[in-house]
Amino acid sequence: MEFNDRDIILQAKDVTKIFKTQNNKSLTACDKINIDLKRGRCFGIVGESGCGKSTFVRMVMNLENITSGSIIYKGQDISKFNKNEVWLNRKNIQMIFQDAMSAFNPKMKIIDILTEPLFNFGLLEKKFKYEKAKELLNMVELSEEYLESYPHNLSGGQLQRIGIARAISLEPEILICDEATSALDVSVQSSIIKLLRKLQRERNLSILFICHDLMLVKSFSQELAVMYLGNVVEVIDSEKMQEIALHPYTKALLNAVFTLNTFSENKVKLLSGEVPSHLDVPQGCPFVNRCEYAMEICKKEKPLLKEVAPDHKVACHLISRK
Ligand SMILES: Nc1ncnc2c1ncn2[C@@H]1O[C@H](COP(=O)(O)OP(=O)(O)O)[C@@H](O)[C@H]1O
Ligand SMILES: [Mg+2]
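Residues numbered from 1 in each chain as written. Chains lettered and ligands numbered in written order. Predicted model: local features only at pLDDT ≥ 70, side-chain atom pairs only at ≥ 80, totals over all residues. Heavy atoms only, no water.

Structurally, the protein comprises domain 1 (5-92 + 172-320) and domain 2 (101-171). Listed by partner, the interface residues are 18 residues for domain 1 and 15 residues for domain 2. Roughly 1500 Å² is buried in total at the junction of domain 1 and domain 2, and carbon and sulfur atoms are behind 72% of that figure. Three residues, Lys91, Pro172 and Leu195, lead the burial of domain 1 against domain 2; their summed loss comes to 34% of the area buried on that side. Taken together, domain 1 and domain 2 are joined by one salt bridge. In this structure, Glu141 engages Lys198 in a salt bridge whose closest nitrogen and oxygen atoms are separated by 3.3 Å. At the boundary of domain 1 with domain 2, the tally comes to three residue pairs in polar contact (both at pLDDT 80 or more). In terms of residue count, the dominant contributor to the side of domain 1 that touches domain 2 is helix α7 (residues 186-203) (eight residues). In terms of residue class, the side of domain 1 that touches domain 2 is built from twelve nonpolar, one polar and five charged. (Domains from an automatic or database assignment. Contact = heavy atoms within 4.5 Å. Buried area = accessible area lost by both parts, 1.4 Å probe. Salt bridge = Lys/Arg side-chain N within 4 Å of Asp/Glu carboxyl O. Polar contact = N/O pair within 3.5 Å; in protein donor to acceptor, adjacent residues only side chain to side chain. Helix = DSSP H or I, 4+ residues; strand = E, 2+ residues; numbered from the N terminus. Nonpolar A, V, L, I, M, F, W, Y, C, P; charged D, E, K, R; others polar.)

Our next topic: the pairing of strand β9 (residues 223-228). Residues in a regular strand point their side chains to alternate faces of the sheet. For β9, the tally of buried residues reaches six of six residues, placing the bulk of the element in the interior. Residue alternation in β9 divides its side chains into two sets, Glu223, Ala225 and Met227 and Leu224, Val226 and Tyr228, and both sets are buried. Relative to β9, strand β3 (residues 42-46) is paired through four bridges, and the arrangement is parallel. Among the inter-strand pairings, Ile45 is bridged to a residue of β9, identified as Ala225. Linking β9 back to strand β10 (residues 231-237) in an antiparallel pair, the connection comprises two residues, with Leu229 at a positive phi of about 50°. (Buried < 20%, exposed > 50% of the residue type's maximum accessible area, 1.4 Å probe, protein only. Pairing = 2+ DSSP bridges.)

Surveying the vicinity of ligand 1 reveals the residues Phe19, Leu27, Ala29, Glu48, Ser49, Gly50, Cys51, Gly52, Lys53, Ser54, Thr55 and His278. Cys51 places a main-chain nitrogen or oxygen 3.2 Å from an oxygen atom of ligand 1. Those elements giving two or more residues to the shell around ligand 1 turn out to be β2 (26-38) and α1 (53-60). The element that contributes the greatest number of residues to the shell around ligand 1 is α1, accounting for three residues. (Near = heavy atom within 4 Å.)

Attention shifts here to the sheet that holds strand β5 (residues 76-77). Reading across the sheet, the four strands line up as β2-β1-β4-β5 and stay open at both edges, with antiparallel pairing between neighbours. The open sheet is flanked by β2 and β5, the only strands paired with a single partner. Where strand β1 (residues 8-20) lies against strand β4 (residues 68-73), five bridges are found, and the strand directions are antiparallel. By the bridge assignment for β4, Thr16 is matched with Ser68.

On to the side chain of Glu179. On the secondary structure map, Glu179 appears in the loop between β7 (174-178) and α7. Reaching out from Glu179, the side chain makes a polar contact with the side chain of Ser182 at a distance of 2.4 Å. One polar contact links Glu179 to His212, side chain to side chain, over a distance of 2.9 Å. Not counting residues within four places of it along the chain, the set of residues in contact with Glu179 comprises Lys53, Gln98, Ile210, Cys211 and His212.

Let us look at the packing of aromatic side chains. Per the counting criterion, the structure on display carries five aromatic pairs. Joined through ring pairs, the aromatic side chains of Tyr228, Tyr249 and Phe287 make up one cluster. (Phe/Tyr/Trp six-rings, centres within 6.5 Å; stacked < 30°, edge-to-face > 60°.)

Within a beta sheet, neighbouring strands are joined by backbone hydrogen bonds and run either parallel or antiparallel to one another. Pairing in this open sheet of eight strands is mixed, and the strands run β6-β7-β8-β3-β9-β10-β12-β11 from one edge to the other. Strands with a single pairing partner mark the edges of an open sheet, and in this sheet they are β6 (93-96) and β11 (306-309). If you compare each strand with its neighbour and ignore which way they point, the axes differ by 25° on average. As defined by bridge partners, β7 adjoins strand β8 (residues 206-211) across five bridges and the pair is classed as parallel. Looking across to β8, one finds that Asp178 is bridged to Ile210. Those strands touched by α1 are β3, β6, β7, β8 and β9, and its axis lies near 150° from that of β8. (Axes fitted to C-alpha atoms, helices over the stretch in contact; angles between N-to-C directions.)

Summarising the sheet, β1 and β2 pair through nine bridges and their orientation is antiparallel. Bridged to Lys17 within β2 is Cys30. Where β1 hands over to β2, the hairpin turn is made up of five residues, of which Asn24 adopts a positive phi near 65°.

With that settled, the discussion passes to the environment of Glu64. Summarising the element assignment, Glu64 is placed in the loop between α1 and β4. Between the C-alpha atoms of Glu64 and Ile9, which are 55 residues apart in sequence, the distance is 21 Å. Setting aside residues up to four positions removed in sequence, Glu64 forms contacts with Lys17, Phe19, Arg58 and Met59.

Below you can see the structure in the form of structure tokens.
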């Protein structure tokens, strides 16, 4: 299916976050991130822990101020919203977190947790509370017997279903999942993914799916961005990724995943070296000190994210040289 600009529901333009650390150093957690989320689709963001994924989505949720850049939702820059506008926009963009347990008030019953956002927005009358909560539980395939339970009575997977139901209750257009299944067992994880897929289809939800697990992001999203040390280094079609990946970091990630599962005779090229600190980002390409193809220019000049084919962007001097 072809998409045009009208179908982009959320657009991040040069989104940058610089934290000031305790000893007054600057830490660039996100460096000019550019991302387009298309309506009704799932866009994945993958990268090693600490690369800036959560900081990025926290800016999209207005939980963190943006240092520079813009985040456009339906023609409006939501990063410049005031408190009231931020609050109103919660209806449109909702998020589910990794740790559902800590996201809920342990003293509240499930029925109250589920209906709280609707009451906050004045979208539910008291007399319909029970009906609505039941409907929300059904939507996430949980029995209504849990309505009177407390969070500690439920398993991690069940709580994550409650988190999803609560987020979807406001009928948002965009759902952000930040490591939403990372704390769950593999079988529970796959049932949550199935549920998210179903809800996405039924409600034409647009999803930003953030996870450090490449295989999971790849299987759930249609398109994904690979992040490294605060930068997007490649934006790529998830399904064709193995065949068309160009950035040495993306290739190394793919290699690491696929060689574990096969008895390939190809020489395995796993990543060597450590990710540098955000406080000590190389001057040129952020990946330069781990890249086996690094050239002189890579040490001096930062490669920009450039389109190499429709819906395929890469930030690498090797590629832009061609
Ligand atoms: N409030 C903060 N103050 C200072 N540094 C932060 C803050 N939040 C995150 N960071 C730093 O920003 C970088 C990116 O973190 P994060 O966005 O959580 O990465 P990820 O979600 O990809 O694991 C890390 O180096 C982290 O230590
Ligand atoms: Mg994170």
